[in-house]
Number of protein chains: 2
Amino acid sequence: MAERARRLRSRPAKEPLSLEAFTAAAFGLLEREGMEAVTLRRLAGELQTGPASLYAYVHDVQELHALLLDRALSAVDLHPASTDRPRDRLERICSSYLEVLLRHDGLARLAAGVLPFGENALALTEAVLECLRGMGLSRMRAAWGFDLLMLHVTAIAAEHDRRREQNDPIGRAHRGYVEAEAERFPQVHALNEELFSGTGTARFSWALDVVLTGISEAREPNN
Amino acid sequence: MAERARRLRSRPAKEPLSLEAFTAAAFGLLEREGMEAVTLRRLAGELQTGPASLYAYVHDVQELHALLLDRALSAVDLHPASTDRPRDRLERICSSYLEVLLRHDGLARLAAGVLPFGENALALTEAVLECLRGMGLSRMRAAWGFDLLMLHVTAIAAEHDRRREQNDPIGRAHRGYVEAEAERFPQVHALNEELFSGTGTARFSWALDVVLTGISEAREPNN
DNA sequence: ACCTGAACACCGTTCAAGT
DNA sequence: ACCTGAACACCGTTCAAGT
């Protein structure tokens, strides 16, 4: 990692981009045109070079995605000096994380498919663990609960993102299908109303409550 | 090349496959070579035709994915005549769902990116809702809880699938990085052991307990 | 009318050749 | 020695032309 940075710095080329400047260029593309525009070739065009040159910065496209995600995570508000109770701070952090993931088209789907690395992911982890421990949870509950919590918020964001892309925010197509199947699927039919009710924020708020309650009240985790 | 073209040309127009037979061919490809091999072009080759012909069966590649996922879901064991308590039956169903998603490379990642349609997804929904209602949960808890539960299991499966592809089942790379950051990220450092402990099944079992406990004990959902 | 080969507009990655 | 244009091996989708 430091090795690559040194190599880049000593490069005599006409455009000695730092890894940060490289990432910034990729992030600009994301902001202006969404994730689907962030390809190595498009980025190469942006940087006025051929696609082969980008392999000086990243080993493959997944590494570009990881860089981009961590760059985006710098915008998450961790409420570092919050005087809230830990649980309230945690809810604020999760909401900010969700908001950041939904800020650009395709970012949430990317987050659901990348193992988070880097400074900002680590800072987010630290803040969330701090809250969970501050809520009085055991080391084990905090650790495993962190995993579940982030997985959950990321998955919810990815589903929002997906529906947004398909212009089907309430799952209308699905709903129509379900309505026709009263005899064979009585439970689905009976709960059709509830299944598709609620705003995004109401559901997210409840989802957070479910996961946090579960982390606190479920049996002690044991490996 | 010209030889094959002449052979095709001299044949009468092929009778179209049923959608089922078409899906079965795609599923065979998935079984033999994993999701990454399931492309419209590969499938066209398998069916001895050009890629354009597949648009008689599906509107785009996402529809192919949806077809494939539902086909895979037919293998989920719903324990229809189970005499277990609803909660136990539900755990069995979720385990079977997880196992099916992990049976083929890339399927779980696909499931995390597709809105589930079709017969088998609906049958799974019906069974899960039946269990949740059988556990005495309100209509609203059952409906919103169903969403959360499936989202959760799917997300867990997708992460397993991803790690498996990258040959990093316990997140070794991540771990090494984290260990070096004791001063700036004390919580992460202190909980490093717990964060990476536990087998996949132990963590899945706890995750199920967390979500089910949360669904039961969290505040009543309201929209 | 229907099917499909060929074309179009892209991808990520590799490598030989030019500076 | 290093950078990168060009090539390679693919994608999904469209459309004109042939039977």
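Residues numbered from 1 in each chain as written. Chains lettered and ligands numbered in written order. Predicted model: local features only at pLDDT ≥ 70, side-chain atom pairs only at ≥ 80, totals over all residues. Heavy atoms only, no water.

### A short note on the overall build of chain A
For the record, the criterion: Elements are defined by DSSP. Helices are runs of H or I of four residues or more, strands are runs of E of two residues or more, and each kind is numbered from the N terminus. Exposure is judged per residue with a 1.4 Å probe applied to protein chains only, and the accessible area is read against the type maximum: over 50% gives exposed, under 20% gives buried, and values in between give partly exposed. It only takes one pair of heavy atoms within 4.5 Å for two residues to be counted as in contact. Computed with the Shrake-Rupley method and a 1.4 Å probe, the accessible areas treat only the protein chains shown as cover for residues.
The number of helices and strands found in chain A is 12 helices and zero strands. Reading chain A from its N end, one meets helices and strands in the order α-α-α-α-α-α-α-α-α-α-α-α. Residues classed as buried in chain A amount to 50% of the 223 residues present. Contacts in chain A between residues far apart in sequence, at least 24 positions, make up 68% of those at least 6 positions apart. Of the roughly 10700 Å² of accessible surface on chain A, 51% is carried by carbon and sulfur atoms.

### Regarding the interface of chain B and chain A
For clarity, the threshold we go by: The buried area of a pairing is the accessible area, by a 1.4 Å probe, that goes missing from both parts when the two are put together, added over both. Salt bridges are defined as contacts in which a side-chain nitrogen from Lys or Arg sits within 4 Å of a carboxyl oxygen from Asp or Glu.
Listed per partner, the contact involves 69 residues of chain B and 69 residues of chain A. A buried area of about 6300 Å², summed over both sides, lies between chain B and chain A, and 64% of it is on carbon and sulfur atoms. Linking chain B to chain A there are six salt bridges. Across the pair aspartate 147 of chain B and arginine 203 of chain A runs a salt bridge whose closest N-O atoms are separated by 3.2 Å. Mapped by element, the contributors of at least two residues to the side of chain B that touches chain A are helix H7 (118-134), helix H8 (139-165), helix H9 (172-179), helix H10 (186-190), helix H11 (192-195) and helix H12 (200-217) of chain B.

### Some remarks on the domain arrangement of chain A
Residue and element names in this part refer to chain A. Our working rule: Segmentation into domains, and thus their bounds, comes from an automatic or database assignment.
Per the domain assignment, the segments of chain A are domain 1 (16-57) and domain 2 (76-217). A C-alpha centroid distance of 30 Å is found between domain 1 and domain 2. Residue-level contacts link five residues of domain 1 with five residues of domain 2. At the boundary of domain 1 with domain 2, total buried surface from both sides reaches about 380 Å², with 77% on carbon and sulfur atoms. The largest share of the area that domain 1 buries against domain 2 comes from Leu30, Glu31 and Met35, three residues that together contribute 82% of it. Remark: the boundary between domain 1 and domain 2 carries zero salt bridges.

### What about H7 of chain B?
Residue and element names in this part refer to chain B. Quick reminder of the rule: Take the number of residues in a helix, subtract one, and multiply by 1.5 Å to get its expected span.
Taking 1.5 Å as the rise per residue, H7 with 17 residues should run 24 Å; its terminal C-alpha atoms sit 24 Å apart, in good agreement. Every buried residue of H7 is listed here: Ala121, Leu122, Leu124, Thr125, Glu126, Ala127, Val128, Leu129, Cys131 and Leu132. In the stretch just after H7, glycine 136 is the one whose phi turns positive, near 90 degrees.

### Description of the relation of the copies chain B and chain A
To keep it simple, the criterion reads: Superposition of the copies used a least-squares fit over C-alpha atoms from residues whose pLDDT is at least 70 in both.
Between chain B and chain A, which share one sequence, the superposing operator has a rotation angle of 180 degrees and an axial displacement of 0.0 Å; the RMSD is 0.1 Å. In short, the pair behaves as if placed about a two-fold rotation axis. Identified as the residue of chain B closest to the rotation axis by C-alpha distance is glycine 214 of chain B, at 2.0 Å. The overlap is high: 100% of the interface residues of chain B also sit at the interface in chain A, so the same surface is used on both sides.

### As for the pattern of salt bridges
Counted by the stated rule, this structure contains 34 salt bridges over all chains. For arginine 103 of chain A, the salt bridge goes to glutamate 99 of chain A, with nearest N and O atoms at 2.8 Å. Taking relative accessible area as the criterion, glutamate 99 of chain A reaches 39% and is therefore assigned partly exposed. Of the charged contacts in the structure, one is a salt bridge between arginine 184 of chain A and glutamate 119 of chain B, with a shortest N-O distance of 2.5 Å. Highlighted residues: arginine 184 of chain A in the loop between helix H9 (172-179) and helix H10 (186-190) and glutamate 119 of chain B in helix H7, drawn from two different chains.

### A word on the environment of arginine 184 of chain A
Short version of the rule: For the purposes of these results, a polar contact is taken to be a pair of N or O atoms within 3.5 Å, where, inside protein, one atom must be able to donate a hydrogen and its partner to accept one; residues adjacent in sequence count only when each atom of the pair is a side-chain atom.
A residue is classified by how much of its surface remains accessible, and arginine 184 of chain A, at 48% relative accessible area, is partly exposed. Among the polar contacts listed, one links the side chain of arginine 184 of chain A to the side chain of glutamate 119 of chain B, at a separation of 2.5 Å.

### Overview of the protein's contact with DNA strand C
So the rule is basically this: It suffices for a single heavy atom of a residue to lie within 4 Å of a molecule or strand for the residue to be listed as near it. Each residue gets one label: Ala, Val, Leu, Ile, Met, Phe, Trp, Tyr, Cys and Pro are nonpolar, Asp, Glu, Lys and Arg are charged, and the others, such as Gly, are polar.
Arg41, Tyr55 and Val61 of chain A together with Ala52 and Ser53 of chain B are the nearest of the 16 residues found near DNA strand C. Among the atoms of DNA strand C lying within 4 Å of the protein, the sugar-phosphate backbone contributes 50%. Between DNA strand C and leucine 40 of chain A, the relevant distance is 3.1 Å, taken from a phosphate oxygen to a main-chain nitrogen or oxygen of the residue. In terms of residue class, the surface near DNA strand C is built from seven nonpolar, four polar and five charged.

### Here's the deal with the nonpolar core
Put simply, the rule is: We call a set of buried residues a nonpolar core when its members are Ala, Val, Leu, Ile, Met, Phe, Trp, Tyr or Cys and they connect through side-chain atoms within 4.5 Å of each other.
Grouped together as the largest cluster of nonpolar side chains are 146 residues, with contacts concentrated most on Phe22, Leu43, Val128 and Leu149 of chain A together with Val128 and Leu149 of chain B. Excluding residues that lie within four positions of it along the chain, leucine 149 of chain B makes contacts with Leu90, Cys94, Val128, Leu208, Val211, Leu212 and Ile215 of chain B.

### Details of the side chain of arginine 162 of chain A
Structurally, arginine 162 of chain A can be placed in helix H8 (residues 139-165). Polar side-chain contacts of arginine 162 of chain A include one of 2.7 Å to the backbone oxygen of alanine 112 of chain B. Beyond its immediate sequence surroundings of up to four residues, arginine 162 of chain A is in contact with Arg109 of chain A together with Ala112, Gly113, Val114 and Leu115 of chain B.

### Quick notes on the packing of helix H5 (residues 86-101) of chain B against H12 of chain B
Residues and elements named next belong to chain B. Definition in use: Axes here refer to lines fitted to C-alpha atoms; in helices the fit is confined to the stretch in contact. Angles between the N-to-C directions go from 0 to 180 degrees. Every angle not falling under 35 degrees, over 145, or within 65 to 115 is termed oblique; those three ranges are roughly parallel, roughly antiparallel and roughly perpendicular. Crossings are classed by handedness, with left-handed meaning an anticlockwise turn of the near helix from the far one by less than a right angle and right-handed meaning a clockwise turn.
Contact pair H5 / H12: the axes reach a minimum separation of 11 Å and the direction vectors enclose 130 degrees. Between H5 and H12, the interaxial angle falls into the category oblique. In this structure, the crossing between H5 and H12 has a hand that is right-handed. Along the contact surface, H5 presents Arg87, Leu90, Glu91, Cys94, Ser95 and Leu98, while H12 presents Phe204, Leu208, Asp209 and Leu212. Residue composition of the contact of H5 with H12, by class: six nonpolar, one polar and three charged.

### With respect to unusual backbone geometry
Positive phi, normally seen in glycine, also occurs at histidine 79 of chain A, with a value near 45 degrees. For histidine 79 of chain A, the location among the structural elements is in the loop between helix H4 (61-73) and helix H5 (86-102).

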